[in-house]
Amino acid sequence: MPRTVAIDLVRNIGIMAHIDAGKTTTTERILFYTGVLHRMGEVHEGTAFMDYMDQEKERGITITSAATTCAWHGYTINIIDTPGHVDFTAEVQRSLRVLDGAIALFCAVAGVEPQSETVWHQASQYHVPRIAFVNKMDRIGANFPRVLDMMRERLQARPVAIQIPWGAEDTFKGVVDLVDRALVVYNEADGGVTYETLPLPDDMKEETERYRMMLVEAVAEHDDAMLERYLNGEEIGAEELKRVLRHVTLHNKLTPVLCGSSFKNKGVQQLLDAVIAYLPSPLDVGHVHGFDVRNPDRELTRKPDDAEPFSALAFKILTDPFVGRLTFIRIYSGTVKAGEQIFNVTNDKKERAGKLLRMRANKRDEIDEAYAGDIVAIPALRFTRTGDTLCDQKHPILLESIRFAEPVINQAVEARTLADQDKLTESLHRLSEEDPTFRFHTDAETGQIIISGVGELHLEIIVDRLKREFNVPVKVGKPQVAYRETITTPARHEGKFIRSATGKNQFGQVTIELRPNGTGKGFEFINELGPNVLPAPYVKSAEQGALEALKVGPIAGYPMIDIVAALVGAEYQEEDSTEMAYAISASMAAKDAARMANPVIMEPVFHVEVVTPEEYVGEVIADLSSRSGRVEGIQVRDILQVVTAVVPLSQLFGYVTQLRSLTQGRGSYTMTFSHYEPSTTRR
């Protein structure tokens, strides 16, 4: 069946912002105006369509990226609603990998907040074109020009207003469209569904011209013909302005900024128009790059075309109560039909796409075929994990995978009854398939199951989901810090393994030198042997052996990080050498070298930003210092002070309660993982 919507009429977008900036509310309004919803849900009432987990409804925050499809003026828009809480940054990251464009949402009162910065920089990393929407213009303290200034200062962005608000706070009535020089006023009687476009009132003409001139100047800088006409004093028409602005937005040179109030139903239809006018279709994004499976150095490309071989990236796994395990995929090229066999090139496994589902948050429509540029879900894929490439077996391509943050916080859990023990393991396994930043293992010494995540809230939600979704109530221990170990000086040691078993000799002898690596660089293995000293399979075995040895540090058994292991010497006997012998000898050498290299315990350090009224700044700083924190700076944000510091995670447990009592409930904070550094609390 041929596609019903041309690929240039498709938009794959995400909505990203800080917690509580109004992402889910904005999505609700978009779905209402595009006809997907017949009544609007509200986050604070727990009826939001995109927040479909019980925990999301209770807490009023979005945890998983719900994907949904809607139509606007003949265009198909696939929207991914991403969480704003920093513990769920992995969700944002995996969404950005598969999006073509994004709406960056900012609160008109708070402006650019810490999580907005994190997500903005991640979007820059993936070169995602953005438009910005300044939400909550009806709130007390709303200040549109200040948000533009904060975007310039904090994000190093180049925002250009294409709308300005008409009124602010409780007098916010509509928006002025700078491109068309028109006033848009919303009908309060029908919830903003209808609106009028009116001529500009006299008191807005001067301000409109000033802002429009700034817009034209910023855009003309990137187009010589337009700049020449502007300098000659010619009028720049709306169509020309839109065309050039689209071009510069797609190349990430400027960010168009709109404004409104999603909760009061103002500005959302114009935001949809801007998505279509300024954000890319899959055709604008162009080729996707990948690698040849047989020759990883050879780069391959796929055009966003239905006639190309099929290629897609699995970006999310969800457990659905009715359909079971759902894999969300973004199709980059080719088509896939329901019932077809597809190839998971990452795992070298064949899968069958039994059904194809187009998702509307947690509701689903079955479709017969999906095309290049589509985002769909496939139930019951057995081997596929987040970040895997699915493709046509005759034309394999390995797309770039998604890298996620490492867990930094551990907690012991156990089932309340013996009967639930197996169920607990199975449930944790399913949760770890869904969430790449969640891990679990059984402690060899205590026999306890240890779960690991990126923050206290993350683990709290996991435990909550075990109880509600999987019906496994658990007892939990106190959160523990995920310490690591590293070395401070180089050291080398020789490992020799000689055995004779069942008439077969085994021989392996290597010298490994361990050297400190840069912070955050992880484990690297370098082969410094000359050519033909040791065959490649034995070098690989030595690498595996060294890596395995460094999973258990010499001080307290924590995994070791930021180490270069160099293979500097080896003996080889053609008849007796075996791969296992080299793995064991490298493991012995690495363990002994680690003991000699002045090892230290490393702890995770977090970047903390505390927002507090001025009168509590002294107490906040004193408290951070007592937690081994280093205060890096204090900034003024309106009537509030923002204290930034780096603090060891071990000192941050329960900090939210302490901060509330210090600031009489008026302070708030956000924390993001910064790096590992030598521990001041553990020796």
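On a predicted model such as this, the values are computed, not experimentally measured, just so you know.

## So, unusual backbone geometry
Thought 1: Located in the positive-phi region is D348, a residue other than glycine, with phi close to 60°.
Thought 2: Relative to the helices and strands, D348 resides in the loop between β17 (340-344) and β18 (349-353).
Thought 3: Phi at D562 is positive, roughly 55°, even though this residue is not glycine.
Thought 4: Mapping D562 onto the fold places it in the loop between α13 (536-549) and β34 (563-571).
Thought 5: D562 gets classed as buried once you look at its relative accessible area, which sits at 7%.

## Describing helix α11 (residues 421-434)
Thought 1: Taking 1.5 Å per residue, 14 residues should reach 20 Å; α11 reaches 20 Å between its end C-alpha atoms and fits that length.
Thought 2: Residues L424, S427, L428, L431, E433 and E434 constitute the buried set of α11.

## Some points on the pairing of strand β1 (residues 10-17)
Thought 1: With eight of eight residues buried, β1 lies mostly within the body of the structure.
Thought 2: The pairing of β1 with strand β4 (residues 101-107) spans five bridges and is parallel. Bridging across to β4, I13 finds its partner in G101.

## So, the pattern of salt bridges
Thought 1: Across all of its chains, the model carries 31 salt bridges by this definition.
Thought 2: When the shortest N-O distance is used, the salt bridge between R515 and E528 registers 3.0 Å. Linking R515 in strand β32 (residues 504-516) with E528 in the loop between β33 (523-527) and α13, this pair joins segments that are 13 residues apart in sequence.
Thought 3: What makes E528 partly exposed here is its relative accessible area of 40%.
Thought 4: One network of salt bridges, with partners in common, ties together R181, E209, R212 and E235.

What counts and how
- Residues numbered from 1 in each chain as written.
- Predicted model: local features only at pLDDT ≥ 70, side-chain atom pairs only at ≥ 80, totals over all residues.
- Heavy atoms only, no water.
- Helix = DSSP H or I, 4+ residues; strand = E, 2+ residues; numbered from the N terminus.
- Buried < 20%, exposed > 50% of the residue type's maximum accessible area, 1.4 Å probe, protein only.
- Expected span 1.5 Å × (residues − 1).
- Pairing = 2+ DSSP bridges.
- Salt bridge = Lys/Arg side-chain N within 4 Å of Asp/Glu carboxyl O.

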